[in-house]
Amino acid sequence: PDLPWTKGDLGKPFWQATPEELSGNPPAPVTYVFKSFGDIHTTVPVEPHESERAGRFVRQAKTECGIHTRTTSAGAPHGGALQNLLVKDAAEAKKLVDSCVKTINLNERQACDVFCLVNGAFSPLNGFMEEKAYESVVKDMRLPEKQLFGLPVTLDVASTEGLKEGDKILLKWDGED
């Protein structure tokens with residue numbers, strides 16, 4: 001398309017470039033940088049001094065997609081508290097494994113979801129979503145507590161036969177608990 005700018009290869013990420021490298025030689029009258037990536041309809045280049053979010057959601061009545069909003073302070077986990085579900089005590093881990101009524105071997109995607117839950121990447125979730133949370137996220141992109149959350153996180157299994165609510169299940173991936 002006919003764009004009012006030309007693309008210049010800096011040979012490195014823009015944040016490692018000097019102001020002189022950004023403006024070019026000879027210096028361009030106006031310098032724009034893609035600091036934030038979205039689709040072509042909502043993202044435009046911004047001037048180097050502008051926020052990395054300034055080029056997002058142009059021509060729309062919003063400034064954020066909802067995922068990148070601040071919670072309690074800069075750098076805080078989504079929801080304000082990191083949910084670390086990792087069991088570090090070997091005796092406690094063995095006790096949990098022994099209490100499981102069934103073992104499920106996970107595929108790679110399922111294992112990734114478990115990893116994210118255990119390590120807090122899906123905070124404020126402290127487990128897979130129950131039906132109420134799932135429906136809320138699918139319908140409104142929010143948890144029932146009204147926190148933004150655009151991704152339903154569920155464990156899809158072939159069968160729940162023989163399981164009842166409250167049963168513990170041992171999840172394995174690549175031969176490991």
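Higher on the page you've got the structure.
This is a predicted model, so every value here is computed, not measured.

*Asks:* In this structure, what is going on with the side chain of Ser-123? I would like to understand it.
*Replies:* Along the chain, Ser-123 falls in the loop between helix 3 (108–118) and helix 4 (131–140). Reaching out from Ser-123, the side chain makes a polar contact with the backbone oxygen of Gly-120 at a distance of 2.8 Å. Discounting chain neighbours no more than four positions away, the residues touching Ser-123 are Pro-77, His-78, Ala-81, Leu-82, Gln-83 and Phe-149.

*Asks:* Please explain the layout of surface pockets as it appears in this structure.
*Replies:* Any space left empty among the atoms is revealed by the rolling of a water-sized probe across them. By volume, the largest pocket is sized at about 1700 Å³. Around the largest pocket, the lining comprises 39 residues; the ones closest to its centre are Val-114, Val-118, Phe-128, Ile-169 and Leu-171. Counting only elements with at least two residues in the lining of the largest pocket, the list comes to helix 2 (90–98), helix 3 and strand 2 (169–172). Of the residues forming the lining of the largest pocket, the biggest block, six residues, is contributed by helix 3. Of the residues in the lining of the largest pocket, the class split is 24 nonpolar, six polar and nine charged.

*Asks:* What's the story with the pattern of salt bridges in this structure? I'm lost.
*Replies:* Opposite charge on two side chains lets them pair, provided their charged atoms get close. All chains considered together, the criterion is met by five salt bridges. The salt bridge partner of Asp-156 is Arg-109, with a shortest N-O separation of 2.5 Å. With Asp-156 in the loop between helix 4 and strand 2 and Arg-109 in helix 3, this residue pair connects regions lying 47 residues apart in the sequence. Here Asp-167 and Lys-164 are joined by a salt bridge, their closest N and O atoms 3.4 Å apart. In this structure, a network of salt bridges that share partners links the residues Arg-109, Asp-113 and Asp-156.

*Asks:* Would you mind going over unusual backbone geometry with me for this structure?
*Replies:* Excluding glycine, a negative phi dihedral is what most residues carry, and trans is how most peptide bonds are arranged. Note that the residue after Ser-123, namely Pro-124, is joined by a cis bond; omega there is 15°. Among the secondary structure elements, Pro-124 is positioned in the loop between helix 3 and helix 4. If you check the backbone angles, Asp-174 has positive phi at about 55° while not being a glycine. With respect to the helices, strands and loops of the structure, Asp-174 is situated in the segment after strand 2.

*Asks:* Looking at this structure, I do not really get the environment of Lys-139. What am I missing?
*Replies:* Along the chain, the position of Lys-139 falls in helix 4. Remark: the alpha-carbon pair of Lys-139 and Gly-150, spanning eleven residues in sequence, is separated by 9.6 Å. Only 3.4 Å separates the side chain of Lys-139 from the side chain of Asp-140, close enough to count as a polar contact.

Conventions adopted
Going along each chain's sequence as written, the residues are numbered from 1 onward. The model is predicted, so local features are restricted to residues of pLDDT at least 70 and side-chain atom pairs to those at 80 or more, both for listing and for counting; the totals for chains, interfaces and linings are taken over all residues. Heavy atoms throughout the structure, all of them, feed into the side-chain values; hydrogens and water do not. A run of H or I in DSSP counts as a helix once it spans at least four residues, and a run of E counts as a strand once it spans at least two, with each numbered from the N terminus. The definition of a polar contact used here is a pair of N or O atoms within 3.5 Å, where within protein one atom must be able to donate a hydrogen and the other to accept one, and adjacent residues in sequence count solely through side-chain atom pairs. Residue contacts are counted whenever heavy atoms from the two residues lie within 4.5 Å of one another. Cavity means a closed set of points on a 1 Å grid over the protein atoms alone, one where a 1.4 Å probe fits but cannot get out, pocket means an open set with protein on both sides within 12 Å along at least 5 of 7 lines, and lining means a residue has an atom within 4 Å of a point. Grid points are joined across faces, edges and corners, and a volume is the space filled by probe spheres set on the points. Charged means Asp, Glu, Lys or Arg here, nonpolar means Ala, Val, Leu, Ile, Met, Phe, Trp, Tyr, Cys or Pro, and polar covers whatever is left, Gly included. Any Lys or Arg side-chain nitrogen found within 4 Å of a carboxyl oxygen on Asp or Glu counts as a salt bridge.

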